[in-house]
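A structural walkthrough
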Amino acid sequence: MPDPQVRLEALLDGATPEQLHIAQRAAEQALDAAGVTPAQAYAAEVALLDWGDSDTNEAFRPSPEQSRALDALDLAERAANEALKIQPGQLGVMLDWAES
């Protein structure tokens, strides 16, 4: 079972600590606006990664909660990049997980 004590962490090569803080804050706000906690987003991502590591030929069928959480993660990544004015196609912010 995923650890509920996780938080998002913004990563970007060459970014200053201030830029990373801005990106992380934007990502957290996007998750919050979507009504998704970091623990829910983490659990959904773990489920997707577990499916990807499995030998199944079936398509990933997330639950409605997992689907909402994965959509929120996409929005969080976009928000982090927008906060730093990174354009689509440029190397952008990667969101990762860290223990709280």
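Being a predicted model, the structure only gives us computed values, none of them experimental.

This next bit is on the nonpolar core. For soluble globular proteins, nonpolar side chains are generally found buried alongside one another. With 24 residues, the main nonpolar core has Leu8, Leu31, Val93 and Leu95 as its most contacted residues. Mapped by element, the contributors of at least two residues to this core are strand E1 (6-11), helix H1 (17-33), helix H2 (38-53), helix H3 (64-83) and strand E2 (94-99). When residues of this core are assigned to their parent elements, the largest contribution, 7 residues, is made by H3. Apart from residues no more than four positions distant in its own chain, Leu95 is found in contact with Leu8, Glu9, Ala10, Ala27, Leu73, Ala76 and Glu77.

Trans peptide bonds make up the majority, and among non-glycine residues the majority have a negative phi. A positive phi angle, near 60 degrees, is found at Lys85, a position not held by glycine. For Lys85, the location among the structural elements is in the loop between H3 and E2. With a relative accessible area of 67%, Lys85 lands in the exposed category.

Residues Val6, Leu8 and Ala10 of E1 are buried on one face, while the alternating residues Arg7, Glu9 and Leu11, pointing to the opposite face, are not. Note: E1 against E2, 6 bridges, orientation antiparallel. By the bridge assignment, Leu11 is partnered in E2 with Met94.

Here the focus is the confidence of the model for the protein chain. Atomic detail in the predicted coordinates should be set aside for any region of low pLDDT. Across the protein chain, the average pLDDT comes to 91, with 96% of residues at 70 or higher. For the protein chain, the element scoring lowest by mean pLDDT is H2, at 90; H1 scores highest, at 97.

Let us now look at the side chain of Asn81. Residue position: Asn81 is located in helix H3. For Asn81, the residues in contact, after removing those within four places along its chain, are Ile86, Gly92 and Val93.

Time to look at the packing of H2 against H3. Helix packing for two helices is described by the angle between their axes and how far apart those axes are. One can describe the packing of H2 onto H3 by two numbers: an axis separation of 8 Å at closest approach and a directional angle of 100 degrees. The angle between H2 and H3 falls in the class roughly perpendicular. Residues Gln40, Ala41, Ala44, Glu45, Ala47 and Leu48 of H2 touch H3, and the partners they reach there are Glu65, Gln66, Arg68, Ala69, Leu70 and Leu73. The residue makeup of the contact of H2 with H3, split by class, is 7 nonpolar, 2 polar and 3 charged.

The subject of this paragraph is H1. For H1, which comprises 17 residues, the first-to-last C-alpha distance of 24 Å matches the rise-based estimate of 24 Å (1.5 Å per residue) to within 8%. Of all the residues in H1, the buried ones are Ala23, Gln24, Ala26, Ala27, Ala30 and Leu31. An end-on view of H1 places all buried positions within 160 degrees of arc, on one side of the element. Residues of H1 that are exposed and angled more than 90 degrees away from the buried face: Pro17, Glu18, His21, Asp32 and Ala33. Buried residues in H1 make contact with E1, H2, H3 and E2. Where H1 terminates, the next one or two residues include Gly35, which has phi positive at roughly 75 degrees.

What counts, and where the lines are drawn
Residues numbered from 1 in each chain as written. Predicted model: local features only at pLDDT ≥ 70, side-chain atom pairs only at ≥ 80, totals over all residues. Heavy atoms only, no water. Core = buried A, V, L, I, M, F, W, Y, C linked by side-chain atoms within 4.5 Å. Buried < 20%, exposed > 50% of the residue type's maximum accessible area, 1.4 Å probe, protein only. Helix = DSSP H or I, 4+ residues; strand = E, 2+ residues; numbered from the N terminus. Contact = heavy atoms within 4.5 Å. Pairing = 2+ DSSP bridges. pLDDT = per-residue confidence, 0-100. Axes fitted to C-alpha atoms, helices over the stretch in contact; angles between N-to-C directions. Parallel < 35°, antiparallel > 145°, perpendicular 65-115°, else oblique. Nonpolar A, V, L, I, M, F, W, Y, C, P; charged D, E, K, R; others polar. Expected span 1.5 Å × (residues − 1). Arc of directions from axis to C-beta.

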